[in-house]
Every structure is written in structure tokens, then in C-alpha cells.
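Analysis of the macromolecular model
Here's the letter readout for the chains.
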Amino acid sequence: PYEVLVIGGGPAGASAAIYTARKGIRTGVVAERFGGQVMDTVGIENFISVPYTEGPKLVAHLEQHVKEYDVDVITEQQVTGVKKAELIEVTLASGATLKSRSVILATGARWREMNVPGEQEYRGKGVAYCPHCDGPLFKGKKVAVIGGGNSGIEAAIDLAGIVQQVTVLEFSDTLRADAVLVRKAESMPNITIIKQAMTTEVLGEDGKVVGLKYKDRQKDETHVVDVAGIFVQIGLVPNSEFLRDTLELTERGEIVIDSHGSTSMPGVFAAGDVTNTPYKQIIIAMGSGATAGLGAFDYLIRN
Ligand code: FAD
């Protein structure tokens, strides 16, 4: 068995594994995809002490750093359950079970979906979630961005440099994005921002997106916008479904942790975007990974 088994190989998981491995305790990492969300990120300008880097490059450095230590990294494996027995048992979709004295959950988060007709049908046929990945597919075309938070406005600015026209649809009457981003977006001639707009349907023809329907919440009118692409930027959902009924989660599904990274299950710690820590950022995920690693070490020397 492991002494610490880290579930997730994003910044939080990598950081936790380095901290525990440096204590000389037997550490394993099991993840679907090493690097997590960082693999989907292009420019990173807020990783302190590194003025600019790119997702895949940062992930390569993370991997290299983890490999400096004796850590078992198992990728392309999905964890489906965590159970407290004599040791903590972690079940995989493959049917295998891994055992460990302690566990650190660092499974991160994923894009939230709109849940409107057409979204699933046209996913990958115009409905997209990652502007950095799919933006270039819409070169010279019209697209919509759903959501006026930081990710939505960032996406709009990013896309405006590639596509013909960007329409941002925000549900509420204000944009939640940072003022500097909003100013930038407003200064770009090919970005239109519509507030109080509730997206109600994705419209498609011949297997691809041709537009969307939205309701003007103030006037109670329905409008159609002709677009070839729809970028959904309405937040993140924690990857914690497999933990339901296992340990304490918030209403939104985030794992509740204390200041040591402990969860409600003894010996199980958590870190990063999957937890109820505010502000989902790389540097914060790494910090909380370090906390969870040290928390797990503390637990092990006391039990
Ligand atoms: P994640 O990075 O989500 O990693 C989760 C890990 O868990 C992955 O390895 C995944 O494969 C694994 N996993 C999930 N479920 C399971 C399961 N059931 N079984 C096994 N493994 C599982 N932050 C910044 O600081 N600066 C930025 O510029 C920035 N830009 C971003 C741009 C984009 C497009 C996105 C999506 C995010 C961006 N972020 C940025 C946020 C940052 O990427 C996240 O806060 C950070 O990656 C969270 O790290 P994490 O380790 O908690 O989770």
C-alpha cells in the first residue's frame, strides 16, 4: 500500500505529491490526465516569479519536478470511489483497487454546461468550452460567448482577434469580470455585449451550429443571433461526483476542508479547485496541495 495516494495530477496534486515525497513517504499519483486544466491553458501571466508561460510548458515542468522524486505516477485511470476500511481503498474504473494509509483528493473542476436544447447535440459541432483550443476553428466567422465573468470576457477578447464578430451574452445586468478586462472588451470594435440575456436554445442545421436563441429578461422578448460557434463560459463544476455520500461536500459539490486540508473523512485530505477554497487559480491550487501534503504527513506520524 501507499502511505499517501494523491488523486489528480493537476497543479494541486503535483504539489501535494512533491511535498509528501520530500518527507520520504511512499507516494502515488493516480490521474486521468496529468496537468489537468493547465493543459487547456495558453498564456499564463499570474504564476508568480514566472512573468509568462504556457499551459503545456508549465505541465512539462510540473512533471519533471514530480519525477525528481520517487513518486508512482499512474495516468489514464479514473477513480470511481474512495472507501475507509482498515486502509483507505480507492477504486478505479478499470476495476482495480489501490490501498493507502492516507489520500489527497485533487480532482479539480470542469466547465459548467448551459443545459439547453441543442447543447449536447452540437457539442464539438459549434458548441465549445475552450476558446484556446477551438477558437481558431471559427476564424473569420461570428461566435457567441455565454457568460460575462472573467473567463467569458477573456474568451471574448481572445476570440475577437481571430473571428469576425463576438457577441457576449450575460444573464445578469452586470458583468462580473475585472474592470480592466471589461474596458478592454468594450474598446474592441468587434465585441458586442448583451446583458440580461438568458440563452434558451442552440440552433443547428446540417449537423452544425447556425445560431442561438436568447430571452431578453427585461423585455421578455426572444431573439436569435446567427453564429457558427458558441463558447460556454459559465463557471466550473467540481469533479467530486464519485465522492457523493462519502464525505462532506458543499451544496455546489465542493469538498469541505479545514485549514490543514482535512476533509470529513479521517486520513483523507483535499486541495485545489475541487475544494471549497475561494479563487480557483494555479498558484492557489499549488499552495493548497502543499498544505494537504503536510496535513497528510502530520496525520501519518500521529496514527
Ligand atoms: P485540475 O487542474 O482540474 O486537475 C485535476 C486533476 O484531477 C487532473 O489530473 C484530472 O485528470 C484529475 N481527475 C479528475 N477527476 C478524476 C477522477 N475521477 N479520477 C482520476 N483523476 C481525476 N489559473 C491561473 O492561475 N492562471 C491562469 O492564467 C489560468 N488560466 C486558465 C485557463 C483555462 C482555460 C482554464 C480551464 C483554467 C485556468 N486557470 C488559470 C485555472 C487553473 O487551471 C486551475 O485553478 C488549476 O488547474 C486547478 O488545479 P487542480 O490541480 O485543483 O485541478
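Our subject in this report is the structure included herewith. What you are looking at is a predicted structure, and each value in this text was computed from that prediction instead of being measured.

In this section: the environment of Ala 96. Relative to the helices and strands, Ala 96 resides in the loop between β7 (88-92) and β8 (97-105). Judged by local crowding, Ala 96 falls into the exposed class, with 11 C-beta atoms found within 10 Å. Residues Ala 96 and Lys 195, 99 residues apart in the sequence, show an inter-C-alpha distance of 49 Å.

Below, the discussion takes up helix α2 (residues 55-67). Taking 1.5 Å per residue as the helical rise, α2 with its 13 residues ought to reach 18 Å, and the 18 Å between its terminal C-alpha atoms agrees with that figure. Those residues of α2 that sit buried are Val 59, Leu 62 and Val 66. For α2, the arc enclosing every buried residue in end-on projection is 60°, short of the 170-degree limit, so these residues lie on one face. In α2, the exposed positions angled more than 90 degrees off the buried face are occupied by Gln 64 and Lys 67. In this structure, the buried residues of α2 make contact with α1 (11-21) and β5 (71-75).

So, on to the packing of helix α4 (residues 150-160) against helix α5 (residues 179-187). As a packed pair, α4 and α5 sit with axes 9 Å apart at the nearest point and diverge in direction by 35°. Along this stretch, α4 crosses α5, giving a crossing that reads as left-handed. For the pair α4 and α5, contact is made by Asn 150, Ile 153, Glu 154, Ala 156 and Ile 157 and by Leu 181, Val 182, Lys 184 and Ala 185, respectively. Partitioned by chemical class, the residues of the contact of α4 with α5 number 6 nonpolar, 1 polar and 2 charged.

The next subject is the site of the ligand. Taken together, the neighbourhood of the ligand is formed by 37 residues, with Gly 8, Gly 10, Gly 36, Gly 108 and Gly 272 sitting nearest. Here the shell around the ligand is built from residues that sort into 17 nonpolar, 15 polar and 5 charged.

Turning our attention to the sheet that holds strand β17 (residues 229-232). Spatially, 5 strands are ordered β10-β17-β11-β12-β13 in an open sheet, and the strand pairing comes out parallel. For this open sheet the edge positions go to β10 (127-128) and β13 (191-194), each flanked by a neighbour on one side alone. Strand direction decides the pairing type here: strand β12 (residues 165-169) and β13, joined by 4 bridges, are parallel. Along β13, the bridge assignment pairs Val 168 with Ile 193.

Quick look at the sheet that holds strand β14 (residues 197-205) now. As summarised here, the arrangement of the 3 strands in space is β14-β15-β16, forming an open sheet in which the pairing is antiparallel. Two strands bound the open sheet, and with one partner strand each, they are β14 and β16 (221-226). With strand direction ignored, the average angle separating the axes of adjacent strands in the sheet is 25°.

With that settled, consider unusual backbone geometry. Glycine aside, residues mostly have negative phi, and peptide bonds are mostly found in the trans state. We note that Asn 115 has phi near 60°; this positive angle belongs to a residue other than glycine. Structurally, Asn 115 is set in the loop between β9 (109-111) and β10. With phi around 50°, Asp 206 is a residue other than glycine that occupies positive phi space. Within the element layout of this structure, Asp 206 appears in the loop between β14 and β15 (208-216).

Counting buried residues in strand β2 (residues 27-31) gives 5 out of 5 residues, a clear majority hidden from the surface. Alternating positions in β2 separate into two faces, Thr 27, Val 29 and Ala 31 on one and Gly 28 and Val 30 on the other, with burial throughout. Note that strand β1 (residues 2-7) and β2 share 4 bridges and pair parallel. If you follow Val 4 over to β2, its bridge partner there is Thr 27. What joins β1 to β2 is α1, and the crossover it makes is right-handed.

Rules and cut-offs
- Residue positions are given per chain, counted from 1 along the sequence in the order it is written.
- The predicted origin of the model limits local features to residues at a pLDDT of at least 70 and limits the giving and counting of side-chain atom pairs to 80 or more, whereas totals for whole chains, interfaces and linings rest on all residues.
- Elements are defined by DSSP. Helices are runs of H or I of four residues or more, strands are runs of E of two residues or more, and each kind is numbered from the N terminus.
- Backbone-placed C-beta atoms define the burial measure: a residue is buried with 20 or more other C-beta atoms within 10 Å of its own, exposed with 12 or fewer, and partly exposed in between.
- Any helix carries an expected span of 1.5 Å times its number of residues minus one.
- Note: the arc covers the axis-to-C-beta directions of the helix.
- C-beta atoms are first placed from the backbone for all residues, and any pair lying within 7 Å is then listed as a contact.
- Each axis is a line fitted through C-alpha atoms, and for a helix only the stretch in contact is used; angles between axes span 0 to 180 degrees, taken between their N-to-C directions.
- If you view the pair so one helix is near and one far, a crossing is left-handed when the near helix is turned anticlockwise from the far one by less than a right angle, and right-handed when it is turned clockwise.
- Any residue outside Ala, Val, Leu, Ile, Met, Phe, Trp, Tyr, Cys, Pro, Asp, Glu, Lys and Arg is labelled polar, Gly included; the first ten of those are nonpolar and the last four are charged.
- Using a C-beta atom placed from the backbone, a residue is scored as near a molecule or strand whenever that atom is within 6 Å of it.
- Any two strands with at least two DSSP-identified bridges between them are counted as paired.
- Call a crossover right-handed when, viewed with both strands pointing away from you, the route from the first strand across the helix to the second goes clockwise.

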